[in-house]
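Observations on chain architecture
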Amino acid sequence: MRYIRQKQGLTIRKVAKDVKKTPTYISDIERGNNKAPEKELMQQILVVLEIEGTQLQDYLYDLAAKERGKVSEDIADYIMEHEDLRVVIRMTQQQKAGKEFWTECIKRIQ
């Protein structure tokens, strides 16, 4: 996040002001001294940093989720709305399906 903020020419104070947090809070997030922000705050930060590319957004959501040991907040609701998806995930987990299986699934969807 720091790299992107600096590349955009934004100060910690500016980002903090725009998302209504303290500069210390934003600095602690950047240094990994604070938990990653929840979905609403993450979305505000993405807007302030003008991050629109889905790949980068996905990466930041996944980093936040990994830190919390949870599913990325941007997809958790989708997973809960689709019972078949949960069934598939559990089946592949039980069968210990690995990266090759999921890579093949991605190729078929694309």
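Note: the structure precedes this text.
Residues numbered from 1 in each chain as written. Predicted model: local features only at pLDDT ≥ 70, side-chain atom pairs only at ≥ 80, totals over all residues. Heavy atoms only, no water.

1. What to know about empty space enclosed by the protein
- Evaluation of the coordinates by the stated rule reveals 1 cavity of 30 Å³ or more.
- The wall of the largest cavity is formed by Pro37, Glu38, Lys39, Met42, Tyr61, Ala64, Ala65, Arg68 and Glu73.
- At the level of secondary structure, the elements contributing two or more residues to the lining of the largest cavity comprise α4 (39-48) and α5 (54-68).
- The dominant element in the lining of the largest cavity, judged by the number of residues it contributes, is α5, at 4 residues. (1 Å grid on protein atoms, 1.4 Å probe; cavity = no way out; pocket = protein on both sides within 12 Å on 5 of 7 lines; lining within 4 Å. Points joined across faces, edges and corners; volume = space filled by probe spheres on them. Helix = DSSP H or I, 4+ residues; strand = E, 2+ residues; numbered from the N terminus.)

2. Description of the pattern of salt bridges
- In total, this model carries 5 salt bridges according to the counting rule given.
- Its salt-bridge partner being Arg108, residue Glu104 comes within 3.5 Å of it at the nearest N-O pair. You can see Glu104 and its partner Arg108 sitting in helix α8 (residues 99-109), 4 residues apart, about one turn around the helix.
- Overall, Arg108 belongs to the exposed group, its relative accessible area being 69%.
- One network of salt bridges, with partners in common, ties together Arg2, Arg5 and Glu30. (Salt bridge = Lys/Arg side-chain N within 4 Å of Asp/Glu carboxyl O. Buried < 20%, exposed > 50% of the residue type's maximum accessible area, 1.4 Å probe, protein only.)

3. Remarks on unusual backbone geometry
- The backbone of Glu50 shows a phi angle near 55 degrees, a positive value even though the residue is not glycine.
- Note that Glu50 resides in the loop between α4 and α5.
- A residue is classified by how much of its surface remains accessible, and Glu50, at 56% relative accessible area, is exposed.
- We note that Lys96 has phi near 55 degrees; this positive angle belongs to a residue other than glycine.
- Counting through the fold element by element, Lys96 comes out in the loop between α7 (83-94) and α8.

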